Amino acid sequence: MKRRTAEPYKIKAVEPLKMLNYEERKRALKEAGYNTFLINSEDVYIDLLTDSGTTAMSDRQWGALMTGDEAYAGSKSWFTLENAVREIYGYKYVIPTHQGRGAENLLSQMKIKEGDYVPGNMYFTTTRAHQELNGATFVDVIIDEAHDSLLDYPFKGNIDLTKLEKLIHEVGAEKIPYVCTAVTVNLAGGQPVSMQNLKEVYDLCQKYHIDVMYDATRCVENAFFIQEREEGYENKSIKDILKEMFTYSDGCTMSGKKDCLVNIGGFLAMNDEDLYTRARELVVLYEGMPSYGGLAGRDMEAMAQGIYESVDDHYIQHRIHQVRYLGEQLIDAGIPVVKPIGGHAVFLDAKQFLPHLKHEELPAQSLAASLYLDSGVRSMERGIVSGGRNKVTGENNKPKLELVRLTIPRRVYTNNHMDVVADSVIHLYEKREQITGLEMTYEPPTLRFFNARFKPLAVNGELIGSEASSTTT
Ligand code: F0G
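Here is what the cut-offs are and how they apply
- Along each chain, residues carry numbers from 1 onward, in the same order as the chain's sequence is written.
- Local features in this predicted model are restricted to residues of pLDDT 70 or higher, and side-chain atom pairs are both shown and tallied only at a pLDDT of 80 or more, whereas totals for entire chains, interfaces and linings draw on every residue.
- Where side-chain values are given, they derive from all heavy atoms of the structure, hydrogens and water being excluded.
- Throughout, the term near means that a residue has one or more heavy atoms lying within 4 Å of the molecule or strand in question.
- We define a polar contact as two N or O atoms separated by no more than 3.5 Å, with the added condition that, inside protein, one atom must be a possible hydrogen donor and the other a possible acceptor, whereas residues neighbouring each other in sequence contribute only through side-chain atom pairs.
- The protein chains shown are the only cover counted for residues, whose accessible areas, like all others here, come from Shrake-Rupley with a 1.4 Å probe.
- Secondary structure elements follow DSSP: runs of H or I no shorter than four residues count as helices, runs of E no shorter than two count as strands, and numbering proceeds from the N terminus.
- Classification convention: Asp, Glu, Lys, Arg as charged; Ala, Val, Leu, Ile, Met, Phe, Trp, Tyr, Cys, Pro as nonpolar; all other residues, Gly among them, as polar.
- Domain segmentation is taken from an automatic or database assignment of domains.
- The contact rule is simple, with two residues in contact once any of their heavy atoms fall within 4.5 Å.
- Here a salt bridge means any side-chain nitrogen of Lys or Arg lying within 4 Å of a carboxyl oxygen belonging to Asp or Glu.
- Note on ring pairs: Phe, Tyr and Trp rings are taken, using the six-membered ring of Trp, and paired if centres are within 6.5 Å. Classes follow the plane angle, with under 30 degrees stacked, over 60 edge-to-face and the rest tilted.
- Classification of residues uses two cut-offs on accessible area relative to the type maximum, computed with a 1.4 Å probe and protein chains only: under 20% is buried, over 50% is exposed, and between them is partly exposed.
- Only when the NZ of Lys or the CZ of Arg is both within 6 Å of the ring centre and within 35 degrees of the ring normal is a charge said to sit over the ring.
- Every axis corresponds to a line fitted to the C-alpha atoms, with the helix fit spanning only the stretch in contact, and the corresponding angles, defined between N-to-C directions, vary from 0 to 180 degrees.
- With respect to orientation, any angle under 35 degrees is reported as roughly parallel, any angle over 145 as roughly antiparallel, any angle of 65 to 115 as roughly perpendicular, and every other angle as oblique.
- A clockwise turn of the near helix away from the far one marks a right-handed crossing, whereas an anticlockwise turn of less than a right angle marks a left-handed crossing.
- Here a strand pair is declared whenever DSSP counts at least two bridges between the two strands.
- To define a nonpolar core, start from buried Ala, Val, Leu, Ile, Met, Phe, Trp, Tyr and Cys residues and group those joined through side-chain atoms within 4.5 Å.

Enquirer: How should I be thinking about the site of the ligand in this particular structure?
Expert: Around the ligand, a shell composed of 16 residues is seen, among which Thr50, Arg101, Asp215, Ser255 and Lys258 lie nearest. Between the ligand and Thr50 there is a distance of 2.7 Å, counted from an oxygen atom to a side-chain nitrogen or oxygen. Here Arg101 contributes a side-chain N or O atom positioned 2.6 Å from an oxygen atom of the ligand. Within the complex, the protein chains bury 92% of what would otherwise be the 480 Å² of accessible surface of the ligand. Among the elements that take part in the shell around the ligand, helix H4 (residues 100-111) stands out by supplying three residues, more than any other. Its residues assigned to classes, the shell around the ligand comprises one nonpolar, eight polar and seven charged.

Enquirer: Got a minute to help me understand the domain arrangement of the protein in this structure?
Expert: Interface extent is often summarised as the accessible area lost during association of the parts. Split by domain assignment, the protein resolves into domain 1 (22-51 + 313-468) and domain 2 (59-310). Using only C-alpha atoms to locate each centre, domain 1 and domain 2 end up separated by 28 Å. The interface of domain 1 with domain 2 comprises 27 residues on the first partner and 30 residues on the second. Our count for the contact surface shared by domain 1 and domain 2 stands at six salt bridges. Taken together, the links from domain 1 to domain 2 amount to 17 residue pairs in polar contact (both at pLDDT 80 or more). Among the elements of the structure, helix H12 (313-332) and strand E9 (345-349) are those that each provide at least two residues to the side of domain 1 that touches domain 2. For the side of domain 1 that touches domain 2, the element with the highest residue contribution is H12, accounting for eight residues. Classifying every residue of the side of domain 1 that touches domain 2 gives ten nonpolar, six polar and eleven charged.

Enquirer: What am I meant to see in the packing of aromatic side chains here?
Expert: Centre-to-centre distance and the angle between the planes together describe a pair of aromatic rings. A full pass over the atoms with the stated rule returns 13 aromatic pairs. Relative to Phe246, the ring of Tyr91 has its centre 5.4 Å away and its plane inclined at 70°; by these criteria the two rings are edge-to-face. Here Phe246 lies in helix H9 (residues 238-247) and Tyr91 lies in the loop between helix H3 (76-89) and strand E2 (93-97), a separation of 155 residues in the sequence. This pair shows no difference in class: Tyr91 is buried, exactly as Phe246 is. In this structure an aromatic cluster arises from ring pairing among Tyr89, Tyr91, Tyr214, Phe246 and Phe267. We note Arg128 situated over the ring of Tyr123; from NZ or CZ to the ring centre the distance is 4.0 Å. If you follow Arg432 out to its NZ or CZ, it ends over the ring of Tyr429, 3.9 Å from the centre.

Enquirer: Before we go on, may I ask you to explain unusual backbone geometry in this structure?
Expert: Backbone phi values are negative for most residues with the exception of glycine, while trans is the configuration of most peptide bonds. Residue Val183 is joined to Thr184 through a cis peptide bond whose omega torsion reads -10°. Along the chain, Thr184 falls in the loop between strand E5 (178-182) and helix H7 (195-207). Note the cis peptide between Lys339 and Pro340, where omega equals -10°. For Met122, which is not a glycine, the phi torsion comes out positive at approximately 60°. Relative to the helices and strands, Met122 is located in the loop between strand E3 (117-120) and helix H5 (125-133). Look at Met122 and you get buried, because its relative accessible area is 11%. Although it is not a glycine, Leu362 adopts a positive phi angle of roughly 55°. Residue position: Leu362 is located in the loop between helix H13 (350-353) and helix H14 (363-375).

Enquirer: Got a minute to help me understand the packing of helix H6 (residues 161-171) against H7 in this structure?
Expert: Packed helices, taken two at a time, are described by the angle their axes make and the gap between the axes. Relative to each other, H6 and H7 sit at 15°, their axes nearing to 11 Å. With respect to their mutual orientation, H6 and H7 come out roughly parallel. The two elements H6 and H7 meet at a crossing, and its hand is right-handed. Across from Leu161, Leu164, Glu165 and Ile168 in H6, the residues of H7 making contact are Glu200, Val201, Leu204, Cys205 and Lys207.

Enquirer: Could you clarify how one ought to interpret the pattern of salt bridges in this entry?
Expert: Scanning all chains against the criterion turns up 29 salt bridges. For Arg218, the salt bridge goes to Asp51, with nearest N and O atoms at 2.9 Å. Remark: Asp51 occurs in the loop between strand E1 (46-47) and helix H2 (59-65) and Arg218 occurs in the loop between strand E6 (211-215) and helix H8 (219-229); sequence separation between them is 167 residues. In terms of burial, Arg218 and Asp51 fall into one category: buried.

Enquirer: Explanation requested: the sheet that holds strand E12 (residues 403-407) in the structure shown.
Expert: Spatially, three strands are ordered E9-E12-E11 in an open sheet, and the strand pairing comes out antiparallel. Looking at the sheet topology across the chains shown, the edges are occupied by E9 and strand E11 (380-382). Strand-to-strand, the axes of this sheet are offset by a mean angle of 30°, without reference to chain direction. Two elements, E9 and E12, share five bridges in a ladder whose sense is antiparallel. From the neighbouring strand, Ala345 faces E12, where its bridge partner is Thr407.

Enquirer: I would appreciate a short explanation of the nonpolar core in the present structure.
Expert: Generally speaking, a soluble globular protein has its nonpolar side chains buried in company with each other. In terms of nonpolar packing, the biggest core is built from 65 residues, with Tyr89, Cys219, Met245, Phe267 and Ile307 touching the most fellow members. Counting contributing residues, this core receives three or more from each of domain 1 (22-51 + 313-468) and domain 2 (59-310). Beyond its immediate sequence surroundings of up to four residues, Cys219 is in contact with Tyr89, Val183, Leu242, Met245, Phe246, Met254 and Asp259.

Shown next, in the form of structure tokens:
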């Protein structure tokens, strides 16, 4: 008999959810221009838009808030945070920032010169934007396997060493200020990097005197996959694995809103004293004093406590298993999803889900809108709408992957919520032929996915054909 496990926490405070009926959701969706970013959070039943800043804090974190030292300089809470980062991540120097992109801004400004190249394992929007803003060209050196959504491969986030070395030979090591390695890779589906690959990349970079900087945003999730999948790590603790991972790098940027289990916060960390000295100067311009970096003392207390809680083996096991619990229900029902199921989200392959829609009919946007209509579950389009337009030709960029991201916040929902999501996706899959495409009625010039508005292409203006067949209320 298969023994089931449950959440490694009990619930001390609850936030009641408003549950709209079908007609109310239909109205809310229309008012939001069929864009899930524009739906009011109050009108959402289960919010899977992002895992960023949506974490539930523990009673200890809430308690720690009260101990925050709000001094302008030399705050006690800053030393608490600095100690936590040093102990768990192993870096010598830490600069607090208001969130991940604050750290990306500082790092890119300090290290990049006009005409440089920054190799990375796929990109994240803000990370790449800061690199480009400072004059660098981003070069994707992730393994080819990462681009095949259906390929089941254990470490799809790995860097292709041949691609990296080829770039070094082509442009010269002096043009590469650092390699940016994301652990895990968000846009590849939350896919991890193996310890062996981290080590090999570091060894190669040492040979050419190139720094390795991690985007450590989901590093604890990455450590779990190493423990689960990599030979020699099955009996090591998450804490030990994490510590080893960071020894193969020179520093990192961190969005604390994910794996540090807080609603706001981040940091830049490094081992190089000169870089630290420069960062202490620069942070004052953009974030605040090096002893608060855009955060309140209480935020730093909560993040320090979150860092310790995040390396609890039971916590992280449940976290990954919950995402997988949802993903496997969908796989069992024959629904096309990115494989293997990653660390923070389940990604639906909208092109395969809605094969009757052309790419221009915005399958992922339409599927995300349909999911909200069916059950009040909010997800995020990651496809042609997010891809934007080619700056030169004005044509739509057509990303290979046309996905809907179901992102699971940490410690917020129970597996019953996951069942509701799975039922809704399966229900939609059963009547997928009735789902119509969308056309854009308003297109903002930049980052259009946030504010764009749409309307259904069907003559009768309905998103889902025979809506009466919906089983949800
Ligand atoms: N790096 C990665 C891999 C991220 O996923 C994010 C944010 C950032 C950096 C930036 O961090 O938001 O604290 O400034 N990702 C969120 C998401 C927004 O929904 O995936 P931030």
